[in-house]
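Letter by letter, the chains look like this.
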Amino acid sequence: MIDLFQIEKKEVKKEYRDSEMAIIGVSMHLPLTDSLDDLYMILNNKIECVGGLSENRKKDVVNYLMSKGNENISFNKAGYLNSIDKFSPELFKITPYEAKLINPNQRLALMSMYEAIEDSGYGSGRLCGSKTGVFVGYVELDGYKYREMIVEKCSKDDIDIGAVGNLNSMIPARISYLLDLKGPCISIDTACSSSLTALYQACRSIENGDCEQAIISACRISILPYDDGMSIGMESKNGSVRAFDDFADGTVKGEGCISILIKPANMAIKDKDNIYAIIKGGAVNQDGATMGITAPNAEAQKAVILEAWKNSGVNPEEIGCVEAHGTGTKIGDVIEIEGLNKAFSEYTNKKQFCAIGSIKSNYGHMYDAAGLAGIMKCIVQLKHKKLLPSTNFDVPNKRIGFENTALYVCNNETDWSIDESLDNSKRICAVSSFGFSGTNCHMVLEEAPKLIEEIDEKYHILALSAYNEASLIDLVKKYYKFFSINHSPPLSTVCYTANMYRSQEKNRIVLVFKNLNEVKEMLFDIMTEKAISSKLYCKYSLDDKLSEQINIFLSGEKTDWAVLYNDRTYHRVSVPYASLPVKRYWINIDKEERNYQTITENIDNKPYYDVIVDRLLKLVRDLLEMPTITAADNLLNIGVDSIMMLKLQKQIDVAYPGIVTLSKMFAYPTISRMAQYICEQLENSTEAELELEDEHDVIQEFLLKDDDLNIGDTINKSVIKQNDDMDDLSVEQLLEKINNL
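Residues numbered from 1 in each chain as written. Predicted model: local features only at pLDDT ≥ 70, side-chain atom pairs only at ≥ 80, totals over all residues. Heavy atoms only, no water.

### Here we look at the confidence of the model for the protein chain
Part 1 of the reasoning: For the protein chain, the average pLDDT comes to 86, and 86% of its residues sit at 70 or higher.
Part 2 of the reasoning: Every residue in residues 686–696 scores below 50 in pLDDT, and together they form 20 contacts with partners more than four places removed in sequence or on other chains.
Part 3 of the reasoning: Between residues 705–724, whose pLDDT stays under 50, and residues either more than four places distant or in other chains, the model counts 30 contacts. (pLDDT = per-residue confidence, 0-100. Contact = heavy atoms within 4.5 Å.)

Here you go:
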């Protein structure tokens, strides 16, 4: 008989101020880096992730530019992501047709925010309908180029459908729409300081009561990263960022997509969330009038740093490291150190006690995403209790004179020592982000509260699931890597978090084991087979209660694992989650006009209804690029909005003139119901013109009819019914209401 573990945790209690926030979920995709463990390895080994563009991305750029007559195409070194064309539209109720027309910045940011929510343990719809804010730092440096590509190379239908997917405001709006989030939804552009400013604004929004928690995200990619000869005067000639080094000659571009989820620190402890770090406070200001609108201002930087420290309530002498803006420019680095040292001098005369570094030396300058990249580096250092080295640093910048400042550049991994015997002793760090626009931001972080573990070493159950078998095998690899790292948390807490707070997808396995070596052996065997040969991996006899729960889970049903924990709750920890099932979505370079006027089917010996179903299925599958659509699928549930419904209606009208109005498209949103309606109309009509219902009445009826309004789990039908003025709305306004759903 197997007996479930019992686990108790005692936390060292500490009350936080209302302004202090906890980071409880993260997602990060940087060059060669998809996790905090990857980031630690890159930073600790001083790896520079700056290089050439991948062949697949280079092919997309070359094909497009050559179609415009450009032949001499070259590429600069940068911190490039391997791919930017991958997406999972079905998960977000977006059709493949629309997906390829959505700006890659929107797609990557949406997946990143979804992953941060999943990482926090609030996936599976737990945030749906909540007062959650979304704050995105985004600068349209070249995102508009994808829109230009669509206009130049795609059909008019494509241009119409792709319009919404190329609006900057839609980047934060996508996740709010998907999950029915009710908090502020804001895109912020302060140039290089955008994402850190977005984080600051999110903290203030929670403190003010505008939202209960917030997602902060930033995505920086180059759509067409070729050398076009343009320069703003801060680019490195040698293709490397050498922050604070005497040979620094500028910066290089970097790419990345990062998202985090935050909530009040006291609430995170109460809810037993996994906490990566505590945000103590911060500040934002502006350079004002300087020698030039883009020139940095040491006095303004000093002021924002002092204000952030004051708001955070920290003793500056306790700040162990500062993740600097550090772009690797001769003047910029000097001014930044000047501002920081002036701020420290207001409190202390101590010299070289605070480490400084810049993640830009590893990945390049991610512009609007740079601030969140700095937050990720701080999280890693706090997690490992290590000060990590600065890459490309050999000779200190002679114009700085570090020996006369409170700062030093960390050049080797160092234990981050503090006096842990003191009750309130915590590792503290800070992040600076200074915008090209003159907007400066500084945030202060503290390590997460400590938890004392009391665990009985007994048997453990690990339930894993993913979207498909390939994703499940990838998840197995993640867990094997996770368990192979010596800082992994106790098995009991890992299994509790995975079972209770990870989404339950259709491909599933369960592992029952006693110790770390046993689970690693199971995971290794699955990795070696490269296939899922069994659903249950266990060599023990199971009691009836546990067997029942495992069988429910493996059958594909939603499983409530809480019954196995006697309805007790424990603190969550950071554990792997399944990768999203992605495929390539990119516009066709060769311009093609869609033509659906010639629908040919063999109708011999086939019922008339079946012929109509086949014709409609072919039309819809071709238009939406979804070959797996069935006649029973509700088009409104798979991402078809009013704009696309209008496109469909026009194509159906070509095949069956005068029968199907737009209102009927919404009244009969499945192929089977639409075919039945068409069949009835054709059989009952002997005239060319058919008597049709008033569109206004049918659309209004659709809005108020529960059984037709099945647009997903996040739609609140009561909101629609609260509108008493629909009789006064035009057809266009009613359609807009449908589109807003």
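### Structural notes on unusual backbone geometry
Excluding glycine, residues mostly carry a negative phi; peptide bonds, for their part, are mostly trans.
Part 1 of the reasoning: Positive phi values are uncommon outside glycine, yet L32 reaches one of about 65 degrees.
Part 2 of the reasoning: By relative accessible area, which is 67% here, L32 ends up exposed.
Part 3 of the reasoning: Even without being glycine, K46 reaches a positive phi, approximately 55 degrees. (Buried < 20%, exposed > 50% of the residue type's maximum accessible area, 1.4 Å probe, protein only.)

### Observations regarding the packing of helix α14 (residues 469–484) against helix α16 (residues 516–529)
Part 1 of the reasoning: Where α14 meets α16, the closest approach of the two axes is 9 Å, and the angle between their N-to-C directions is 145 degrees. Read as a crossing pair, α14 and α16 show a hand that is left-handed. Here V476, K477, Y479, Y480, F483 and S484 of α14 lie close against α16, whose contacting residues are L516, V519, K520, L523, F524, I526 and M527.
Part 2 of the reasoning: In terms of residue class, the contact of α14 with α16 is made up of ten nonpolar, one polar and two charged. (Axes fitted to C-alpha atoms, helices over the stretch in contact; angles between N-to-C directions. Helix = DSSP H or I, 4+ residues; strand = E, 2+ residues; numbered from the N terminus. Left-handed = near helix turned anticlockwise from the far one by under 90°. Nonpolar A, V, L, I, M, F, W, Y, C, P; charged D, E, K, R; others polar.)

### A few points about the sheet that holds strand β18 (residues 507–513)
Part 1 of the reasoning: Taken in spatial order, the three strands make up an open sheet running β17-β18-β19, and their pairing is mixed. Lying at the two open borders of the sheet, with one neighbouring strand each, are β17 (460–466) and β19 (536–537).
Part 2 of the reasoning: Pairing of β18 with β19, which is carried by two bridges, proceeds in the parallel orientation. Paired with L511 across the two strands is Y537, which belongs to β19.
Part 3 of the reasoning: The sheet strands contacting α16 are β18 and β19, and the helix crosses β18 at an angle near 145 degrees.
Part 4 of the reasoning: Together, β17, β18 and β19 form the strand contacts of helix α17 (residues 544–554), whose direction differs from that of β18 by roughly 155 degrees. (Pairing = 2+ DSSP bridges.)

### Topic: the environment of Y64
Part 1 of the reasoning: Its place among the elements puts Y64 in helix α2 (residues 55–67).
Part 2 of the reasoning: Along the sequence, Y64 and I589 sit 525 residues apart, while their C-alpha atoms lie 6.2 Å from each other.
Part 3 of the reasoning: Excluding its chain neighbours within four sequence positions, the residues that come into contact with Y64 are M149, E152, K153, L224 and I589.
Part 4 of the reasoning: Within the structure, Y64 has its side chain in polar contact with the side chain of E152 (distance 2.6 Å). (Polar contact = N/O pair within 3.5 Å; in protein donor to acceptor, adjacent residues only side chain to side chain.)

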